[in-house]
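These are the residues of each chain, in order.
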Amino acid sequence: MIKLIKIDEDSRVPKYKQIVDSILQNIANGNLKINQKIPSINSFSEEFYMSRDTVEKAYNILKERKIISSIRGKGYYITRTKLESKVNILFLTNKLSSYKMKTYSSFINTLGANAHVDLQIYHCDETLFLNILDKFEGAYDYYVITTHFKTDELKHLSFTDEVVNAIKNIPQDKLVVLDNIKLGTGDDVIKIYQDFENDIYNALKEGLSKIAKYKRLILVYPDKAVYPYPRRILHGFRKFCVEHEINFEILSEVYDDIILKKGDLFITIEESDLVNLVKQIRDEEFVLGKDIGVISYNDTPLKDLLGITVMSTDFNVMGETAARMILNKEKGQVKVPFNFIDRNSI
């Protein structure tokens, strides 16, 4: 089998990547079959005069993709051949919220049987994000990533120098960035993005005729959330209120004994704040949508069911667009629609 492997000493392609590509090519050509044994790491490194670490990195990538497996005391074997005609994609997102999963679901549904997608969650943790990218370097045809991180003070960061450097290691034609237009990458990168500042500004402007009927507009922006939100949301909110001379206030949470006044209009971001607010409105016998208004950020089926007015990115479109651009080998950047959906709560 080792005679089938081709390593080009003059190539600029890293040796471990050449090993992976050569084994995959031999599988595609039918030269390697299910359960066929391949050389040990030591045999491989000795045959091609390369370091053991290089071969081990290649084998680890193949193991992560479940192309090969190791059996203690026996060696390495080919365990998967059927998916190599498909596009293999790593989908790396910061959290498992309902709207993130809506994007993921529309992404895989649009791809259909044309791709194999592995989902990884890094929980806004920079170290975990970097470890995942390092672990799966060179293992996928496309890397679909969102970049939302938190500082030790639970503030939001779109990216850091370390994150930018790690992303630069991904070939640009294999990179799909969701949410973040500010991440400096080239023309070969697919970007499907939200414009957090202008999105909320324009959505509020769309609802101005109803918003203007209230005495005070109150944004509940959680500044200590486990998964922090972009501060550009705050900038867009303030810009709208100042330009339209609207009395406003910013709170960090909906307190259990919050003081409610007739003529308040709340904008909530986290669902827990929305639930707490609606409960207190009902307990104090205010009429939702008349005495006190509520707008929520990011739509969910529950908000639709309850008749809550929302401002929301179309997360289905985000996933569908990313998948379509991969399938059609398109490049460029696409702004995702952000909608003001008027229901019964204002």
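Rules used throughout
- Residues numbered from 1 in each chain as written.
- Predicted model: local features only at pLDDT ≥ 70, side-chain atom pairs only at ≥ 80, totals over all residues.
- Heavy atoms only, no water.
- Phe/Tyr/Trp six-rings, centres within 6.5 Å; stacked < 30°, edge-to-face > 60°.
- Helix = DSSP H or I, 4+ residues; strand = E, 2+ residues; numbered from the N terminus.
- Buried < 20%, exposed > 50% of the residue type's maximum accessible area, 1.4 Å probe, protein only.
- Lys NZ or Arg CZ within 6 Å of the ring centre and 35° of its normal.
- Right-handed = clockwise from strand over helix to strand, strands pointing away.
- Pairing = 2+ DSSP bridges.
- Expected span 1.5 Å × (residues − 1).
- Polar contact = N/O pair within 3.5 Å; in protein donor to acceptor, adjacent residues only side chain to side chain.

A.B. asks: Where do I start with the packing of aromatic side chains in this structure?
C.D. replies: Two numbers describe a pair of aromatic rings. These are the distance of the centres and the angle of the planes. A complete count under the given rule lists 14 aromatic pairs for this structure. With 5.3 Å between their ring centres and 35° between their planes, Tyr122 and Phe149 make a pair best called tilted. A residue pair is termed long-range when its members are at least 10 positions apart, and Tyr122 in the loop between strand E5 (115-121) and helix H5 (126-135) and Phe149 in strand E7 (residues 149-150) qualify at 27 residues. Phe149 carries the same exposure label as Tyr122, and that label is buried. Judged by centre distance (5.8 Å) and plane angle (45°), the ring pair of Tyr297 and Phe338 falls under tilted. One end of the pair, Tyr297, is in strand E14 (residues 293-297); the other, Phe338, is in strand E17 (residues 338-341), and 41 residues separate them in sequence. Both residues of the pair, Tyr297 and Phe338, count as buried. An aromatic cluster is defined as three or more aromatic residues linked by ring pairs; in this entry it consists of Phe44, Phe48, Tyr59 and Tyr76. A cation over an aromatic ring shows up here: Lys150 above the ring of Tyr227, its NZ or CZ 5.9 Å from the ring centre. The ring of Tyr201 carries Lys239 above its face, with NZ or CZ at 4.6 Å from the centroid.

A.B. asks: Even after reading the chapter, I still don't get the pairing of E14, so can you show me in this structure?
C.D. replies: Along any regular strand the residues' side chains alternate between the sheet's two faces. Taking burial as the measure, the five residues of E14 include five buried ones, the bulk of the element. Across the two faces of E14 the burial is the same, with Gly293, Ile295 and Tyr297 and Val294 and Ser296 all buried. Traced from strand E13 (residues 264-268) through helix H10 (residues 271-283) to E14, the parallel crossover comes out right-handed. One ladder, built from three bridges, connects E14 with strand E15 (residues 309-313); its direction is parallel. Considered in E15, the bridge of Ile295 is made with Thr309. Crossover connection from E14 via helix H11 (residues 301-306) to parallel E15: handedness right-handed.

A.B. asks: What am I meant to see in helix H12 (residues 315-327) here?
C.D. replies: Note that an α-helix has 3.6 residues per turn; residues three or four places apart therefore point the same way. With 13 residues, H12 should reach 18 Å at 1.5 Å per residue; the first-to-last C-alpha distance of 19 Å fits that figure. By the N-cap criterion, in which a side-chain oxygen at the helix start approaches the backbone nitrogen of a residue two or three places on, H12 is capped by Asp314, the distance to Asn316 being 3.3 Å. Downstream of H12 by a residue or two, Lys329 has a phi angle that is positive, lying close to 55°.

A.B. asks: I would appreciate a short explanation of the sheet that holds strand E1 (residues 37-38) in the present structure.
C.D. replies: Strand order in this open sheet of three strands is E1-E3-E2, and the pairing throughout is antiparallel. Of all strands in the sheet, those bounded by a partner on one side alone are E1 and strand E2 (68-71). Summarising the sheet, E2 and strand E3 (residues 75-78) pair through four bridges and their orientation is antiparallel. Bridge pairing in E3 links Ile68 to Ile78.

A.B. asks: What exactly am I supposed to notice about the pairing of E3 here?
C.D. replies: As paired strands, E1 and E3 are joined by two bridges and run antiparallel to one another. Bridging across to E3, Ile38 finds its partner in Tyr76. The hairpin formed by E2 and E3 contains three residues between the paired strands, and Gly73 there has a positive phi angle of roughly 80°.

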